[in-house]
Amino acid sequence: MSGLPHSPHALVTGGGRGIGRAIASSLVGAGATVTVLGRNAAVLDEAVNAGAAHFAAVADVANEASLKAAIAGASARKPIDILVANAGSAESAPFAKSDGALFSRMMDVNFMGVVHAIQAVLPGMKDRPYGRIVAVASTAGLKGYAYVSAYAAAKHAVVGLVRSLALEMAGSSVTVNAVCPGFTDTDLVAGSIDNIMKKTGRTREQAIAELSKHNPQGRLITPQEVADAVLWLCGEGAGAITGQAIAVAGGKSSVAKQGRNIKAKEIP
């Protein structure tokens, strides 16, 4: 597998923990200069101190001005060659109780945060000989789930953006892709496990099994597995891979099965 070009600058949103931190650390290991961006300065600084990134930038991806200012600061240090738009959040509610504010929150973080980050890096990236944009979506961007209509709509929007922008950028050196993880062993899923244990009295092993059954391999995805997929897409050898939404989900189908309702906090 072809690696990264010499010392590219990568910016990872939501890079302080979970999937984002695994991606940042993998890019560092492959020779990239990495800036992690997020809302929690202490978490970002810890990632830098641990060697998972070189620089930190504090911003809320839902705040366009804050995000673009932070990216401009990172770009001034070194032009950004790789953008991994990973930051996101999830809320669940029946559609009848999903008001406009909930839809706005899900779209602002999960979709517009991606849009604004791409708009900030693309003008400088598209005229250079190498550029990679990877959005971290979800299997909820490939299929429907009950009770998370706003979240699923936002993740579907990310996949549509990736597919459309890839066509616009096809004449340049920039590729645009998405990875779509299933249930992944992160802080978010740990919260889901605790919630299942609290509400059902199940053991931790039983709660993990409840989530793992969605994966044909019978397990949770690891953050490193998602990071490995992102790292491959960022490699020089993946120059012909663009406009793709790659499921990292153990063979989970993109076709929804009937009769399965996703519960609060059970969101990939």
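The preceding data block contains the structure.
Residues numbered from 1 in each chain as written. Predicted model: local features only at pLDDT ≥ 70, side-chain atom pairs only at ≥ 80, totals over all residues. Heavy atoms only, no water.

Observations regarding the pattern of salt bridges
One pass over the full model with this rule turns up four salt bridges. Close ionic contact of Glu64 with Lys68 constitutes a salt bridge, the shortest N to O distance being 3.0 Å. A residue pair is termed a helical-turn pair when its members lie 3 or 4 positions apart in one helix, as Glu64 and Lys68 do in helix α3 (residues 64-77) at four residues. Glu64 gets classed as partly exposed once you look at its relative accessible area, which sits at 36%. For Lys68, a relative accessible area of 29% puts it in the partly exposed group. (Salt bridge = Lys/Arg side-chain N within 4 Å of Asp/Glu carboxyl O. Helix = DSSP H or I, 4+ residues; strand = E, 2+ residues; numbered from the N terminus. Buried < 20%, exposed > 50% of the residue type's maximum accessible area, 1.4 Å probe, protein only.)

Points about the packing of aromatic side chains
Tallied over the entire structure, the rule returns one aromatic pair. A ring pair is formed by Phe95 and Phe103, whose centres lie 6.2 Å apart and whose planes are at 85°; its orientation type is edge-to-face. By relative accessible area, which is 60% here, Phe95 ends up exposed. The partly exposed category is assigned to Phe103, whose relative accessible area is 23%. For the cation-ring pair, Arg77 lies above Phe55, with the distance from its terminal atom to the ring centre recorded as 4.1 Å. (Phe/Tyr/Trp six-rings, centres within 6.5 Å; stacked < 30°, edge-to-face > 60°. Lys NZ or Arg CZ within 6 Å of the ring centre and 35° of its normal.)

Quick word on the nonpolar core
Core analysis: the largest hydrophobic core is formed by 35 residues, its most contacted members being Leu37, Ile71, Ile133 and Val176. Going through the elements one at a time, α3, β4 (82-85), α4 (100-125), β5 (131-136), α5 (149-168) and β6 (174-181) are the ones with two or more residues in this core. Ranked by residues supplied to this core, first place goes to α4 with nine residues. Residues within four places of Leu37 in sequence aside, it is in contact with Leu11, Val12, Thr13, Gly14, Gly15, Leu44, Ala57, Ala59, Val61, Leu67, Ala70 and Ile71. (Core = buried A, V, L, I, M, F, W, Y, C linked by side-chain atoms within 4.5 Å. Contact = heavy atoms within 4.5 Å.)

Remarks on empty space enclosed by the protein
Per the stated rule, a full pass over the model turns up one cavity of 30 Å³ or more. Around the largest cavity, the lining residues are Gly182, Phe183, Leu211, Ser212, His214, Asn215, Arg219, Ala249 and Lys252. Grouping the constituent residues of the lining of the largest cavity by class yields three nonpolar, four polar and two charged. (1 Å grid on protein atoms, 1.4 Å probe; cavity = no way out; pocket = protein on both sides within 12 Å on 5 of 7 lines; lining within 4 Å. Points joined across faces, edges and corners; volume = space filled by probe spheres on them. Nonpolar A, V, L, I, M, F, W, Y, C, P; charged D, E, K, R; others polar.)

A few points about the environment of Ala247
Tracing the backbone through its elements, the reader meets Ala247 in strand β7 (residues 245-248). Given a relative accessible area of 41%, Ala247 falls into the partly exposed group. It is 7.7 Å that separates the C-alpha atoms of Ala247 and Ser138, two residues lying 109 residues apart in sequence. Excluding residues within four positions of it along the chain, Ala247 makes contact with Leu142 and Cys180.

Purely geometric stuff here, so don't read any function into it on its own.
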